[in-house]
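Now for the letters of each chain:
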Amino acid sequence: MTTIFRRLLPALCALVALPPSVAAQQTPDAARIYAESCSVCHGDDGSGAIWGQASLATPPRNFRSEESRRELDRNRMIASVTYGRPGTPMPGFGTQLMPAEVAAVVDYVREQFMQGLDAPAAPLANVRDVPYSHTPPPAPHELPLPDGLSGHVERGRAYYMENCVPCHGASGTGDGPRAYFIFPKPRNFLEPTTRSYLNRPNVYKGIKFGVVGKEMPAWGKVMDDQQIADIAEFVYTSFIESGTAADH
Ligand code: HEC
Ligand code: HEC
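Residues numbered from 1 in each chain as written. Chains lettered and ligands numbered in written order. Predicted model: local features only at pLDDT ≥ 70, side-chain atom pairs only at ≥ 80, totals over all residues.

### Describing the overall build of the protein
The helix and strand inventory of the protein stands at eleven helices and zero strands. Within the protein, the fraction of its 248 residues that count as buried is 27%. The contacts in the protein between residues at least 6 apart in sequence include a share of 65% that link residues at least 24 apart. (Helix = DSSP H or I, 4+ residues; strand = E, 2+ residues; numbered from the N terminus. Buried ≥ 20, exposed ≤ 12 C-beta atoms within 10 Å, placed from the backbone. Contact = placed C-beta atoms within 7 Å.)

Structure, rendered in structure tokens:
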């Protein structure tokens, strides 16, 4: 089953590597670039992500510090974002972003974070605030799996542990090790709105067809319908149903 995940990796990587430039022919969407490529290390408010302070050899720049304002002029920032900072975890974005996009995200950082020292964090148009790309309406929960399928929970559990935990987490809350780098975030199966629309057919369809344009893979390409039914049954009974029970 791990091989399934491995076979899917190129597809996943292709999704991740979609250049923002495709969507940004005219005006680069700097807020989005920042949220997608920078905030993971520099933090939503530009002061440096907490995890980075602790676990990166060189901590990310705090753009809000007096030091940054003194040291970082626009040209230096453009060079650093294009080529990275050798010997530090600051990557170069010159191959992913077009020059206009680099300039736009640098100006964004300067405007949002480096203006007045005491300025409070400006509210960001941050895609991380949008947890999921879509949340359909509640669905009837008495419906069975489609096509007369019935799922085997224990087999489903094993598939889930091997293929889904990296994103959805072992407890289904969407906090697997890869989740931090993904948005929209992987579904938290215990979240009430998600639970109310994910009945068995929707869980099944979600797994089989994925979420187009998002990092939820279409497992129907690598698993057969019975395997998908097994996982769907596991997800449904372990997270969706028990989530309901946990409310009491
Ligand atoms: C993987 C973590 C990481 C990501 C992602 C990241 N940075 Fe950095 N960034 C760093 C670190 C670490 C430093 C500090 C490097 C140093 O001290 O020289 C830094 C430094 C900088 C600096 C100051 C460089 C200098 O000349 O001193 C700028 C500007 C910057 N980052 C902008 C960005 C922008 C814009 C993005 C997104 C397009 C981004 N960073 C993405 C980790 C990251
Ligand atoms: C690479 C990360 C990743 C992996 C691996 C992954 N998912 Fe997801 N999954 C997501 C993301 C991201 C979403 C939310 C997409 C959205 O709502 O925009 C999602 C959404 C879902 C949904 C809801 C679908 C819908 O219609 O909204 C289900 C069900 C689901 N995942 C089940 C699974 C199962 C079961 C597995 C393992 C076979 C799995 N996922 C593996 C990232 C992942």
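### Section: the site of ligand 1
Inspection of the region around ligand 1 gives 22 residues, with Cys38, Cys41, Ser80, Arg85 and Met90 positioned closest. Elements supplying a minimum of two residues to the shell around ligand 1: helix H2 (30-42), helix H5 (74-83) and helix H6 (99-113). When its residues are assigned to classes, the shell around ligand 1 shows 14 nonpolar, five polar and three charged. (Near = placed C-beta within 6 Å. Nonpolar A, V, L, I, M, F, W, Y, C, P; charged D, E, K, R; others polar.)

### Description of the nonpolar core
Counting 20 residues, the largest nonpolar core has Val203, Ile231, Ala232 and Val235 as the members making the most contacts within it. Elements supplying a minimum of two residues to this core: helix H7 (153-163), helix H10 (200-209) and helix H11 (225-246). The leading source of residues in this core is H11, at nine residues. Those residues in contact with Val203 that sit more than four places away from it in its chain are Leu198, Ala232, Val235, Tyr236 and Ile240. One finds Ile33, Cys38, Met77 and Ala104 within the second-largest nonpolar core, a separate group that totals 16 residues. (Core = buried A, V, L, I, M, F, W, Y, C linked by C-beta atoms within 7 Å.)

### Observations regarding the packing of H2 against H6
Two numbers describe how H2 lies on H6: the axes approach to 9 Å, and their chain directions differ by 90°. The angle between H2 and H6 places the two elements in the roughly perpendicular class. Packed against H2, whose contacting residues are Ala30, Ala31, Ile33, Tyr34 and Cys38, the element H6 presents Glu101, Ala104, Val105, Asp107, Tyr108 and Val109 at the interface. Among the residues making up the contact of H2 with H6, the classes are represented as nine nonpolar, no polar and two charged. (Axes fitted to C-alpha atoms, helices over the stretch in contact; angles between N-to-C directions. Parallel < 35°, antiparallel > 145°, perpendicular 65-115°, else oblique.)

### Considerations on H10
Buried within H10 are the following residues: Arg200, Val203, Tyr204 and Ile207. Seen along its axis, H10 keeps its buried residues to an arc of 100°; they face one direction. One or two positions beyond H10, positive phi appears at Gly210, with a value near 70°. (Arc of directions from axis to C-beta.)

### Some details on the environment of Asn188
Tracing the backbone through its elements, the reader meets Asn188 in the loop between helix H8 (165-168) and helix H9 (192-197). A tally of 22 C-beta atoms within 10 Å means that Asn188 is categorised as buried. With 13 residues separating them along the chain, Asn188 and Asp175 place their C-alpha atoms 7.8 Å apart. Setting aside its immediate chain neighbours within four residues, Asn188 contacts Thr173, Gly174 and Thr194.

### Re H7
Taken residue by residue, H7 has Gly156, Tyr159, Tyr160 and Asn163 as its buried positions. For H7, the angular spread of the buried residues around the axis is 100°, confining them to a single face. Opposite the packed face of H7, turned more than 90 degrees from it, sit the exposed residues Glu154 and Met161.

### Points about the packing of H5 against H6
Relative to each other, H5 and H6 sit at 125°, their axes nearing to 9 Å. As the angle between them shows, H5 and H6 are arranged oblique. Seen along the crossing, H5 lies across H6 with a hand that is right-handed. The segment H5 lies against H6, with Arg74, Met77, Ile78, Val81 and Thr82 engaging Val102, Ala103, Val105, Val106 and Arg110. (Left-handed = near helix turned anticlockwise from the far one by under 90°.)

### Some words on the environment of His152
Note on placement: His152 falls in the loop between H6 and H7. A sequence separation of 82 residues divides His152 from Phe234, and the C-alpha atoms of the two residues are 7.5 Å apart. When near neighbours in sequence (up to four residues on either side) are disregarded, His152 contacts Asp230 and Glu233.

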